[in-house]
2 protein chains.
Amino acid sequence: MRLVVARCSVDYTGRLTAHLPLAPRLLIVKADGSVLVHSDGGSYKPLNWMTPPCTLTTSRRDDEEALEDPEGEWIEQWDVVHDKTGDRLRVRLVEVFEDSSHELGIDPGLQKDGVEAHLQALLAENIDTLGEGWSLVRREFFTAIGPVDILARDESGGSVAIEIKRRGEIDGVEQLTRYLELLNRDPLLAPVRGIFAAQAIKPQARVLAADRGIDCVTLDYDALRGIDDAESRLF
Amino acid sequence: MRLVVARCSVDYTGRLTAHLPLAPRLLIVKADGSVLVHSDGGSYKPLNWMTPPCTLTTSRRDDEEALEDPEGEWIEQWDVVHDKTGDRLRVRLVEVFEDSSHELGIDPGLQKDGVEAHLQALLAENIDTLGEGWSLVRREFFTAIGPVDILARDESGGSVAIEIKRRGEIDGVEQLTRYLELLNRDPLLAPVRGIFAAQAIKPQARVLAADRGIDCVTLDYDALRGIDDAESRLF
DNA sequence: ACATGTATGTCGTGG
DNA sequence: CCACGACGTACATGT
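- An unreviewed UniProt entry lists chain A under the name Endonuclease NucS, with Brachybacterium avium as the source organism.
- One UniProt comment on chain A, placed under Function (unreviewed entry), says "Cleaves both 3' and 5' ssDNA extremities of branched DNA structures."
- Of chain A, the UniProt comment under Sequence similarities (unreviewed entry) reads exactly: "Belongs to the NucS endonuclease family."

So, a negative patch on the surface
All names here are of chain A.
- There is a patch of like negative charges on the surface, built from Asp62, Glu64, Glu65 and Glu68.
- Locating Glu64 in the fold gives a position in helix α1 (residues 63–68).
- With a relative accessible area of 60%, Glu64 lands in the exposed category.

Thoughts on the protein's contact with DNA strand D
- In the neighbourhood of DNA strand D, 22 residues make up the surrounding shell, with A:Lys165, A:Arg166, A:Arg167, B:Asn48 and B:Gln204 lying closest.
- Considering DNA strand D, the proportion of its atoms within 4 Å of the protein that are sugar or phosphate atoms stands at 80%.
- Secondary-structure elements contributing two or more residues to the surface near DNA strand D are β11 (159–168) and α3 (170–183) of chain A together with β4 (48–50) of chain B.
- The element best represented in the surface near DNA strand D is β11(A), accounting for four residues.
- In terms of residue class, the surface near DNA strand D is made up of eight nonpolar, four polar and 10 charged.

Here we look at the interface of chain B and chain A
- On the side of chain A, 55 residues touch chain B, which itself brings 55 residues to the contact.
- A combined buried area of about 4,800 Å² lies between chain B and chain A, and 57% of that area is made up of carbon and sulfur atoms.
- In terms of surface lost to chain A, no three residues of chain B exceed B:Asp40, B:Tyr44 and B:Leu104, which account for 17% of the buried area on that side.
- Linking chain B with chain A are four salt bridges.
- Its salt-bridge partner being A:Glu174, residue B:Arg178 comes within 2.8 Å of it at the nearest N-O pair.
- Our count for the chain B to chain A interface comes out at 21 residue pairs in polar contact (both at pLDDT 80 or more).
- Looking at the side of chain B that touches chain A, the elements with two or more residues in it are β1 (2–13), β2 (17–29), β3 (35–38), β4, β7 (88–101), β8 (111–113), β11 (159–168) and α3 (170–183) of chain B.
- Classifying every residue of the side of chain B that touches chain A by side-chain character gives 25 nonpolar, 16 polar and 14 charged.
- In terms of strand pairing, strand β2 (residues 17–29) of chain A meets β8(B) through three bridges, oriented antiparallel. Across the sheet, A:His19 pairs through a bridge with B:Gln111, a residue of β8(B).

Cut-offs used in this document
Residues numbered from 1 in each chain as written. Chains lettered and ligands numbered in written order. Predicted model: local features only at pLDDT ≥ 70, side-chain atom pairs only at ≥ 80, totals over all residues. Heavy atoms only, no water. UniProt positions renumbered as here; feature names shortened; annotations may be inferred. Patch = residues over 30% accessible without salt bridge, like charges linked within 9 Å, V, L, I, M, F, W, Y side chains within 5 Å. Areas by Shrake-Rupley, 256 points an atom, 1.4 Å probe, with all protein chains shown as cover. Salt bridge = Lys/Arg side-chain N within 4 Å of Asp/Glu carboxyl O. Lys, Arg positive; Asp, Glu negative; His and termini not counted. Charge placed at Lys NZ, Arg CZ, Asp CG, Glu CD. Helix = DSSP H or I, 4+ residues; strand = E, 2+ residues; numbered from the N terminus. Buried < 20%, exposed > 50% of the residue type's maximum accessible area, 1.4 Å probe, protein only. Near = heavy atom within 4 Å. Nonpolar A, V, L, I, M, F, W, Y, C, P; charged D, E, K, R; others polar. Contact = heavy atoms within 4.5 Å. Buried area = accessible area lost by both parts, 1.4 Å probe. Polar contact = N/O pair within 3.5 Å; in protein donor to acceptor, adjacent residues only side chain to side chain. Pairing = 2+ DSSP bridges.

Listed below in structure tokens is the structure:
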């Protein structure tokens with residue numbers, strides 16, 4: 001990883017064209033050749049960047065040459081070209097304040113907990129919180145247009161398709177609607193009810209779900225985890 | 001902006017919990033207090049981060065204290081707490097390879113060109129590329145559920161709602177469908193046809209659009225721009 | 001402040 | 001390799 005702090009201008013040409021006027025910025029060149037251009041604010045997202053796989057070539061001008069050129073007084077130029085899309089990033093460095101390199105090695109990676117996958121697992125294990133006598137058929141029930149999060153049977157043996165979201169918004173209801181349309185064409189399953197389950201459901205999503213005959217359920221992550229813990233203590 | 005390269009471990013607790021085991025990484029502290037944790041690959045997105053507004057407090061341990069503690073041999077700890085959500089990021093530094101600071105100032109900002117807004121303006125100005133005798137009614141025609149990109153009239157005076165996307169995918173068709181449902185309830189406008197316009201349209205989106213009776217049009221950005229240039233030269 | 005739609009989204013997963 | 005869905009999505013814009 002190479003870290004450069006420099007006064008520079010940046011141009012990007014690819015899915016769009018963009019230009020950054022001359023100013024001091026942080027430039028990061030990663031081991032895979034990818035480049036990030038960061039300002040001292042507006043975090044997370046770089047002002048400009050190039051994703052791997054890409055190729056970086058650098059060229060220099062000596063001071064005299066730079067001084068002669070009235071247009072751009074840059075002393076070093078980076079040309080980064082994306083290997084597949086041909087997107088281009090050009091960085092022109094005018095004044096370099098820092099330039100250092102470090103060997104970091106490959107990162108062991110992030111361990112996550114508490115995302116949708118986890119919610120799904122918890123609800124699948126505690127499917128009877130939706131109703132007494134309910135049973136799990138499958139998690140990630142595959143259809144031609146994508147996986148249904150949970151397929152279950154209610155107390156009377158009827159099929160229920162459950163879509164789980166951390167946040168319940170309108171496109172989640174659309175997604176479940178598409179699944180229900182498809183599932184209800186299968187005579188072995190039909191009729192299939194829909195349940196839209198989320199930690200919080202927006203009013204618009206609720207209205208749309210009601211209009212489509214889909215039930216809404218709010219999930220309490222901590223409560224589900226609590227049930228799960230309580231159950232595992234029995235063993 | 002402070003740049004630190006260090007062997008560190010990171011823990012995040014907030015919308016989820018996440019842990020990064022001890023490894024060498026780049027830590028960036030921006031002027032607004034936000035923190036980014038980057039590895040030497042997998043670009044653009046930090047492994048972990050804290051967005052502003054947030055507060056960073058640092059604490060140190062002297063070497064003896066660190067050596068006595070068999071658990072964690074960290075010598076410096078950063079606690080970053082988000083001012084509004086209470087999300088927490090904790091970084092424990094074990095070995096520091098670099099620690100530098102720079103004053104960058106406020107960035108003049110990015111100039112963009114070629115996104116959806118531009119496509120919309122170009123198509124609005126050249127609405128007759130969709131058919132002879134077509135006319136523009138409004139750009140950003142406002143409805144209760146959001147703005148329709150372009151509302152136009154075809155050669156026979158019929159209403160046409162146009163949804164524009166850079167890339168035509170399934171959710172764009174869903175969006176247009178919702179608009180059409182609503183617009184067709186307005187007796188002054190109905191019947192309203194739909195056109196899904198994009199630089200490239202995915203097969204699935206095409207199929208769904210056909211199923212909904214929506215026409216697809218691919219837009220040639222350069223051609224539209226060319227027409228526009230040619231027209232402006234007439235004045 | 002909240003809601004909505006876009007993104008050079010990025011990133012994983014499964015076919 | 002492509003398609004799809006999740007994301008601590010982030011981010012700008014309009015009310």
